[in-house]
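# Notes for the structure review
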Amino acid sequence: AAGVIQSPRHLIKEKRETATLKCYPIPRHDTVYWYQQGPGQDPQFLISFYEKMQSDKGSIPDRFSAQQFSDYHSELNMSSLELGDSALYFCASRPLGSSYNEQFFGPGTRLTVL
Amino acid sequence: DAKTTQPNSMESNEEEPVHLPCNHSTISGTDYIHWYRQLPSQGPEYVIHGLTSNVNNRMASLAIAEDRKSSTLILHRATLRDAAVYYCILRDWGGGADGLTFGKGTHLIIQP
């Protein structure tokens, strides 16, 4: 079965650089979520999109922005990177139908900031 | 979201049942109880969810207390592949597009 695709899988950046993470949801999934998981930490919700509109916002820094495109893929843009941004970034998607609550997670992008 | 409390870790033997408890004494009437797990080096994975009645699926069973202030995830026959961090999460019924609030889950260790 198709799964959530995230790219790149690994990314190394220097401090103060920018990074763009991409998420391709499962076909016929219209909601996308972004999570950040620091080393030894539990996943923290950043932001979500439903039908290309921002739906919910968590602890996303102002340096980060995200959007969902017409084909439902999403991008997380991160600027002025800091050492503390080093983490696993997971994208999840949810099927069409507002009553369906299960989220399907991708394999994650590991971002290392040097 | 209402808060959940889980033990930090639990240990069980392979092929034995595992009961993972979760307390959620401030649960509201419209909160669903969800369980996710995260295997090492993977993204979280949905396990099961329920509202009031006990639920079964191919992965596990969910037993919900009558007052809904606690629940138990039951793995009927644990395997080494079930070693993971298990998260109990409350979600409002209308919050499908809302993010999940992961608390401190239970680290399940399976001994061969």
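Refer to the preceding data block for the structure.
A brief structural summary.

Looking now at unusual backbone geometry. Trans peptide bonds make up the majority, and among non-glycine residues the majority have a negative phi. All names here are of chain A. Of note, the bond from S7 into P8 is cis; its omega dihedral lies within 30 degrees of zero at -10°. Structurally, P8 is set in the loop between β1 (5-7) and β2 (10-13). A positive phi is found at K52, a non-glycine position, where the angle reads about 70°. Looking at the element boundaries, K52 is found in the loop between β5 (44-50) and β6 (53-57).

All right, on to the sheet that holds strand β4 (residues 45-50) of chain B then. All names here are of chain B. Overall, mixed pairing links the five strands, which are arranged β1-β9-β8-β3-β4 in an open sheet. Pairing within the sheet leaves two strands with one partner each, and these edge strands are β1 (9-13) and β4. Direction aside, the axes of adjacent strands within the sheet are offset by 25° on average. Taken together, the five bridges between strand β3 (residues 31-38) and β4 define a ladder with antiparallel strand orientation. Residue pairing across strands places Y36 opposite Y46, the latter belonging to β4.

Any two side chains of opposite charge can pair if their charged atoms end up close together. In the structure shown here, the tally under the stated rule is seven salt bridges over all chains. One salt bridge connects K104 of chain B with D42 of chain A, and the closest N-O pair in it is separated by 3.3 Å. Here the residue K104 of chain B occupies a position in the loop between β8 (84-92) and β9 (106-111), and D42 of chain A occupies one in the loop between β4 (29-37) and β5, the pair thus bridging two chains. Judged by relative accessible area, K104 of chain B falls into the exposed class, the value being 56%. Residue D42 of chain A is classed as buried on the basis of its relative accessible area of 13%. With a shortest N-O distance of 2.9 Å, E45 of chain B and R37 of chain B are connected by a salt bridge.

Here the focus is the packing of aromatic side chains. Under the criterion given, the structure shown has nine aromatic pairs over all chains. When the centroid spacing of 6.1 Å and the interplanar angle of 80° are considered together, the rings of F105 of chain A and Y36 of chain B count as edge-to-face. Within this pair, whereas F105 of chain A is found in strand β10 (residues 104-105), its partner Y36 of chain B is found in strand β3, the two belonging to separate chains. By relative accessible area, Y36 of chain B is classed as buried at 0%. Plain terms: the ring middles of Y36 of chain B and F102 of chain B are 6.4 Å apart, the flat faces sit at 70° to each other, and that makes the pair edge-to-face. With Y36 of chain B in strand β3 and F102 of chain B in the loop between β8 and β9, this residue pair connects regions lying 66 residues apart in the sequence.

A common way to report how large an interface is uses the accessible area buried once the components associate. Taken together, the contact pairs 20 residues of chain B with 20 residues of chain A. Interface area, chain B with chain A, both sides summed: about 1600 Å², of which 48% is carbon and sulfur. Counting the surface chain B buries against chain A, the share from its top three residues, G96, A97 and F102 of chain B, is 29%. Between the two partners, chain B and chain A, sit one salt bridge.

Reading guide: rules and limits
Residues numbered from 1 in each chain as written. Chains lettered and ligands numbered in written order. Predicted model: local features only at pLDDT ≥ 70, side-chain atom pairs only at ≥ 80, totals over all residues. Heavy atoms only, no water. Helix = DSSP H or I, 4+ residues; strand = E, 2+ residues; numbered from the N terminus. Pairing = 2+ DSSP bridges. Axes fitted to C-alpha atoms, helices over the stretch in contact; angles between N-to-C directions. Salt bridge = Lys/Arg side-chain N within 4 Å of Asp/Glu carboxyl O. Buried < 20%, exposed > 50% of the residue type's maximum accessible area, 1.4 Å probe, protein only. Phe/Tyr/Trp six-rings, centres within 6.5 Å; stacked < 30°, edge-to-face > 60°. Contact = heavy atoms within 4.5 Å. Buried area = accessible area lost by both parts, 1.4 Å probe.

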